[in-house]
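Below, each chain spelled out in residue letters.
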Amino acid sequence: MASLSVKPGQRFTMPDWHNNSLLISADAEQQRYNSHHIRQEGRALRNETGNQAKWDEHNTRTRLNDRVTSVDRWREIMARCLTDIDLEIDALSKVKLAAENAIQAKNLCLDVAIECLTFRESRRDIDVVRDPVEEELIKEVKVIEKTKKELQQRVDEAFKQLCLLKETRQQLNCDHRHKVEALELDRQCLSFNVTSGNISFKVNPTRVPDGTVALREWELSNQCIKDRAEAEMRASVDLRGAITLTIAQTNNELDAQRIATEFALRKRIRDMEGALSELRWQEKNTLEEIAEMEEEIRQLEENLRKRTLDLKVAHTRLETRTYRPHIELCRDQAQYGLTDEVQQLEATIRALQKKRTESQDALDALYRQLHRIQTDIGYKTNSLQLDNKCMDTRRKLVVPVEKFDPEVDAVNRTRNLPRNSQLELA
């Protein structure tokens, strides 16, 4: 008879089986509960992190926009400062050039004054006098040298200020360029999004780079650069005004001195012409007196010759009458008359000879005086020519340069003066 095969192993009871089913159901419910709870937490976390990420991104974008606005505002300020400082550099350079041209023009004035003094050194004898013209010319040289010194000091100040302006401009330009680069980078950051193709993970992106400054320090730096630029431009404007005023004052001072010098020179020329006129009148009268004196001496000599002949006649008569014979040799009236005639003629001849000597001495004195007058006329004519040459030379101060030959320049500095310009004692 066949037997039933039974599998080896443990056998569970029905309660065990029911308990196992209940346990599986309970575990399933617990797992579903846990899963539901985790899903709810995950959904809440997703919502929270999503919202936080959106808010953070929005906040970052807003801050980037604010930063771009702030940097762009300072960029515009720096750009305006650059434009203003470029204009100020150009204006100060023109004023500095005007001052240098004024110094160059003063060289012409100085050359003319020195040339006039050199001309007047050729005066001779009594005309070498320290007259008002020489005093005014010396004063003019001192005024020109003083004005040149003042203008050169202003030119030096303008050069230093230009260096400061250019240094400030370089600083502005560098800061402006840096802000342009920063704007480009921040705007590039604004353009990034999750779909951008050039986004990636970076190594330690939250590090603080070397050279990083605080926001307050950045603002103070910008304000300091702006303030310095404005201060240098204000100083430049003040300096331009001072240079313009100095040019005007030196021109006015030199104009006044030039007028005083030329007034003294014209007065001296008039005085010299008056003296020459008086000397020529004296020369004419002296020549006339010399002619009359020579005629008088000739008349005296002629009269002396005649009286000498008369004396010879009287002497001959007396000598002849000494040969009368015997009793005829008497002292008659004729004898007394001849004796008186001889004595009178001898006295007349002595008086005529004395007068001729006096006349000759007077004639010699007249000739010496004439020589002195003619010599003085020569001196004064030379001095008048020199003063007229000074007046012609000083015409270079008010006549265009091209009308003059530069070879007359005493110091060879007017050759480089700008042509086609009216040098009115600039």
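Parameters at a glance
Residues numbered from 1 in each chain as written. Predicted model: local features only at pLDDT ≥ 70, side-chain atom pairs only at ≥ 80, totals over all residues. Heavy atoms only, no water. Helix = DSSP H or I, 4+ residues; strand = E, 2+ residues; numbered from the N terminus. Rg over C-alpha atoms; globule rule 2.2 N^0.38 Å. Buried < 20%, exposed > 50% of the residue type's maximum accessible area, 1.4 Å probe, protein only. Contact = heavy atoms within 4.5 Å. Areas by Shrake-Rupley, 256 points an atom, 1.4 Å probe, with all protein chains shown as cover. Lys, Arg positive; Asp, Glu negative; His and termini not counted. Charge placed at Lys NZ, Arg CZ, Asp CG, Glu CD. Core = buried A, V, L, I, M, F, W, Y, C linked by side-chain atoms within 4.5 Å. Phe/Tyr/Trp six-rings, centres within 6.5 Å; stacked < 30°, edge-to-face > 60°. Lys NZ or Arg CZ within 6 Å of the ring centre and 35° of its normal. UniProt positions renumbered as here; feature names shortened; annotations may be inferred. Polar contact = N/O pair within 3.5 Å; in protein donor to acceptor, adjacent residues only side chain to side chain. Disulfide = S-S within 2.5 Å. Axes fitted to C-alpha atoms, helices over the stretch in contact; angles between N-to-C directions. Parallel < 35°, antiparallel > 145°, perpendicular 65-115°, else oblique. Left-handed = near helix turned anticlockwise from the far one by under 90°. Nonpolar A, V, L, I, M, F, W, Y, C, P; charged D, E, K, R; others polar. Salt bridge = Lys/Arg side-chain N within 4 Å of Asp/Glu carboxyl O. pLDDT = per-residue confidence, 0-100.

Colleague: How should I be thinking about the overall build of the protein chain in this particular structure?
Modeller: Within the protein chain one finds 4 helices and 0 strands. The globule rule puts the C-alpha radius of gyration for 426 residues at 22 Å, and the 61 Å found for the protein chain is more than 25% above it. Across its three principal directions, the C-alpha atoms of the protein chain cover 260 × 35 × 30 Å. Out of the 426 residues belonging to the protein chain, those deemed buried represent 31%. Residue pairs at least 24 apart in sequence account for 88% of intrachain contacts in the protein chain once pairs closer than 6 positions are excluded. Per element, the accessible surface of the protein chain, about 28,500 Å² overall, is 54% carbon and sulfur. When the 70 basic and 74 acidic side-chain charges of the protein chain are each reduced to a single mean position, those positions are 5 Å apart.

Colleague: Sorry if this is basic, but what is going on with the nonpolar core here?
Modeller: Note on soluble globular proteins: their nonpolar side chains tend to be buried together. Of all hydrophobic cores here, the largest spans 30 residues; its most connected members are Leu92, Leu165, Leu172 and Ile243. Of all the secondary-structure elements, those providing two or more residues to this core are helix H1 (14–120), helix H2 (132–191) and helix H3 (215–321). The dominant element in this core, judged by the number of residues it contributes, is H1, at 15 residues. Beyond its immediate sequence surroundings of up to four residues, Leu172 is in contact with Met78, Cys81, Leu82, Ile85, Ile225 and Ala229. Core analysis: the second largest hydrophobic core is formed by 26 residues, Cys109, Ile144, Ile377 and Leu384 among them.

Colleague: Sorry if this is basic, but what is going on with the packing of aromatic side chains here?
Modeller: Centre distance and the angle of the planes are the two values used to describe a pair of aromatic rings. One pass over the full model with this rule turns up 0 aromatic pairs. In this structure, Arg67 packs its charged tip against the face of Trp218, placed 3.9 Å from the ring centre. The ring of Phe119 is capped by Lys389, whose NZ or CZ atom sits 5.1 Å from the centre of that ring.

Colleague: Looking at this model, I keep getting lost on the UniProt feature "coiled-coil region" (unreviewed entry) in the protein chain. Mind explaining?
Modeller: As recorded in UniProt, the sites labelled "coiled-coil region" (unreviewed entry) are residues 134–161, 276–310 and 335–369. Annotated as 100% helix and 0% strand, the span residues 134–161 places its first and last C-alpha atoms 40 Å apart. Annotated as 100% helix and 0% strand, the span residues 276–310 places its first and last C-alpha atoms 50 Å apart.

Colleague: Would you mind going over the side chain of Arg394 with me for this structure?
Modeller: Along the polypeptide, Arg394 turns up in helix H4 (residues 333–394). Judged by relative accessible area, Arg394 falls into the buried class, the value being 2%. Polar contacts involving the side chain of Arg394 include one to the side chain of Glu140, which spans 3.0 Å. Discounting chain neighbours no more than four positions away, the residues touching Arg394 are Val112, Cys116, Leu137, Glu140, Arg258, Thr261, Glu262 and Leu265.

Colleague: Can you walk me through the state of the cysteines in this structure?
Modeller: Chemically, a disulfide is nothing more than a covalent bond linking the sulfur atoms of two cysteines. Following the criterion strictly, the structure yields 0 disulfides and no others. With no disulfide of its own, Cys81 lies 12 Å from the sulfur of Cys224, the closest cysteine sulfur. A residue is classified by how much of its surface remains accessible, and Cys81, at 6% relative accessible area, is buried. Looking at the unpaired Cys174, the closest cysteine sulfur is the one in Cys224, lying at 14 Å. With a relative accessible area of 26%, Cys174 lands in the partly exposed category.

Colleague: What should I look at first to understand the packing of H1 against H2 in this one?
Modeller: Any two packed helices are characterised by how steeply their axes cross, that is the angle between the axes, and by the distance between the axes. With their axes 6 Å apart at the nearest point, H1 and H2 run at an angle of 165° to one another. When the interaxial angle is binned, H1 and H2 end up roughly antiparallel. The crossing of H1 and H2 is left-handed. Its residues assigned to classes, the contact of H1 with H2 shows 36 nonpolar, 9 polar and 20 charged.

Colleague: Looking at this model, I keep getting lost on the side chain of Lys96. Mind explaining?
Modeller: Tracing the backbone shows Lys96 in helix H1. Within the structure, the side chain of Lys96 is placed 2.7 Å from the side chain of Glu100, a separation counted as a polar contact. Leave out the neighbours within four places in its chain, and Lys96 touches Val155, Ala158, Phe159 and Leu162.

Colleague: Could you clarify how one ought to interpret the pattern of salt bridges in this entry?
Modeller: As a working rule, side chains carrying opposite charge can pair if their charged atoms are close by. For the structure on display, the rule yields 34 salt bridges. Arg305 is the partner of Glu302 in a salt bridge, and the nearest nitrogen-oxygen pair spans 2.5 Å. With Glu302 and Arg305 both in helix H3 and 3 residues apart, this pair spans about one turn of that helix. Exposure remark for Glu302: the relative accessible area of 27% places this residue in the partly exposed category. Residue classification places Arg305 among the partly exposed residues on the basis of a relative accessible area of 43%. A network of salt bridges, in which partner residues are shared, links Arg120, Arg123, Arg130, Asp131, Glu134, Arg268 and Asp387.

Colleague: What's the story with the confidence of the model for the protein chain in this structure? I'm lost.
Modeller: Detailed conclusions should not be drawn from predicted coordinates in areas where pLDDT is low. Predicted confidence across the protein chain gives a mean pLDDT of 86, with 91% of residues reaching 70 or more. Summarising per-element confidence for the protein chain, the mean pLDDT is lowest in H4 (89) and highest in H2 (92). Under a pLDDT of 50 for its full length, residues 400–426 has, in the predicted model, 49 contacts with residues more than four places off or in other chains.

Colleague: So what exactly am I meant to see when it comes to the packing of H3 against H4 here?
Modeller: The N-to-C vectors of H3 and H4 enclose an angle of 165°; their axes lie 5 Å apart at closest approach. Regarding the angle of H3 to H4, the classification is roughly antiparallel. The two elements H3 and H4 meet at a crossing, and its hand is left-handed. Across the contact of H3 with H4, the residue classes break down as 31 nonpolar, 16 polar and 22 charged.

Colleague: Sorry if this is basic, but what is going on with the environment of Gln335 here?
Modeller: Counting through the fold element by element, Gln335 comes out in helix H4. The sequence separation of Gln335 and Leu318 amounts to 17 residues, and the corresponding C-alpha distance is 7.2 Å. In this view, Gln335 contacts Leu318, Arg321, Arg324 and Cys330; residues no more than four positions away in its chain are not counted.

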